[in-house]
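Now for the letters of each chain:
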Protein chains: 2
Amino acid sequence: MQLPIRLSKDSKTPIYHQIEEQVKALIAGGQLPAGTPLPSIRALSKDLEISVITTRRAYLNLEHGGFIQTSQGKGTFVADVSASIKEEVKVSAVYKAIENSVETALRHDYTLEQIEEVFKEVIAVLKEKGVS
Amino acid sequence: MQLPIRLSKDSKTPIYHQIEEQVKALIAGGQLPAGTPLPSIRALSKDLEISVITTRRAYLNLEHGGFIQTSQGKGTFVADVSASIKEEVKVSAVYKAIENSVETALRHDYTLEQIEEVFKEVIAVLKEKGVS
DNA sequence: TATACTGTTTATATCTATATACACAGTATA
DNA sequence: TATACTGTGTATATAGATATAAACAGTATA
């Protein structure tokens, strides 16, 4: 399984955290049903061109959070996450992201109207690219 | 001068970087005109309850970026940043923030319509709080 | 039972944040 | 004007987080 993960290597947020968030999103969104085998830490680290230890850490944190299960020698698999938790993950992550972006815009002296304008522009550009 | 800076200490982005971004925003937004004395690294570190070295690092990076000027014994002052650069800082920061939030929402399987809904909700909440 | 695949542990380097001690510049005042 | 005092930025040493490479150990299967 090839995970659709995109990393910002020059971002200030740790790589392992970026992986965690995106895997959570895939599980919460239903793209990765319970029991699905995840790529091995080696395969993923090769795919993302990062160290094995970094993917290992991301997987460890995801396991502690109850999102995946790993067993030595076998591999790593998506855990059985309840629908309510999935929904909670989705809603809170999206809300926080958008709230944060609006706060950033306000700090840059943008009015709510101007923010809405930029927002619509971003949407328009994404629609150009054929995003759903 | 008491800088209106808010830190997320549990955030994954380094403190010095949060300070840089917010000071840049204040300069680009015109709240801090050229020549304005910034708080000393000690005063700011005490205000934000962080180490002197961390504020020092933020100021150093801001100086390298041409946003402020520091002279030993005197203090730190806002540099004369051109209007075009100020505008560029504002636009790119806001655009990136909003673009990033939309990408996060898309990763969580949100449609553009749903994203717009959340966005409007965030705006509405902020208006409740009396934000401009 | 080889072999090739898993995850795991150990040791190392770099980045982030801190505490502490130091050197420089301005200002009051004896 | 000498001197002490206050405020400024600067340098060094230390602890923890982040990322890496290399060696170790369990599991499946040809």
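Residues numbered from 1 in each chain as written. Chains lettered and ligands numbered in written order. Predicted model: local features only at pLDDT ≥ 70, side-chain atom pairs only at ≥ 80, totals over all residues. Heavy atoms only, no water.

Draft legend 1. Spatial organisation of the UniProt feature "domain: HTH gntR-type" (unreviewed entry) in chain A. The feature "domain: HTH gntR-type" (unreviewed entry), as given by UniProt, occupies residues 13-81 of chain A in the numbering adopted here. Across residues 13-81 of chain A, the secondary structure splits into 51% helix and 14% strand, with the terminal C-alpha atoms separated by 26 Å. (UniProt positions renumbered as here; feature names shortened; annotations may be inferred. Helix = DSSP H or I, 4+ residues; strand = E, 2+ residues; numbered from the N terminus.)

Draft legend 2. Structural context of the interface of chain B and chain A. Of the residues lining the interface, 44 residues belong to chain B; the matching set on chain A comes to 44 residues. On the chain B side of the contact with chain A, K12, H108 and F119 of chain B bury the most area, a combined 16% of that side's loss. Between the two partners, chain B and chain A, sit 0 salt bridges. Where chain B meets chain A, there are 3 residue pairs in polar contact (both at pLDDT 80 or more). Considering every element that reaches the side of chain B that touches chain A, the biggest residue donor is helix α4 (residues 83-107) of chain B, with 16 residues. The class makeup of the residues in the side of chain B that touches chain A is 23 nonpolar, 10 polar and 11 charged. (Contact = heavy atoms within 4.5 Å. Buried area = accessible area lost by both parts, 1.4 Å probe. Salt bridge = Lys/Arg side-chain N within 4 Å of Asp/Glu carboxyl O. Polar contact = N/O pair within 3.5 Å; in protein donor to acceptor, adjacent residues only side chain to side chain. Nonpolar A, V, L, I, M, F, W, Y, C, P; charged D, E, K, R; others polar.)

Draft legend 3. Here's a closer look at the protein's contact with DNA strand C. Near DNA strand C, the surroundings consist of 23 residues, among which R42 and R56 of chain A together with I15, T54 and K74 of chain B are the closest. When the atoms of DNA strand C within 4 Å of the protein are grouped by moiety, sugar and phosphate amount to 68% of the total. S40 of chain A is positioned with one of its side-chain polar atoms (N or O) 3.4 Å from a phosphate oxygen of DNA strand C. Take T54 of chain B: an N or O atom from its side chain is 2.6 Å from a phosphate oxygen of DNA strand C. (Near = heavy atom within 4 Å.)

Draft legend 4. Seen up close, the domain arrangement of chain A. According to the domain assignment, chain A consists of domain 1 (15-78) and domain 2 (83-128). Distance from the C-alpha centre of domain 1 of chain A to the C-alpha centre of domain 2 of chain A: 26 Å. (Domains from an automatic or database assignment.)

Draft legend 5. Quick peek at the pairing of strand β2 (residues 68-71) of chain A. Residue and element names in this part refer to chain A. Across 4 bridges, the pairing between β2 and strand β3 (residues 75-78) is antiparallel. When the sheet's bridge partners are listed, Q69 is paired in β3 with F77. Where β2 folds back onto β3 in an antiparallel hairpin, the turn is made up of 3 residues, including G73, whose phi is positive at roughly 85 degrees. (Pairing = 2+ DSSP bridges.)

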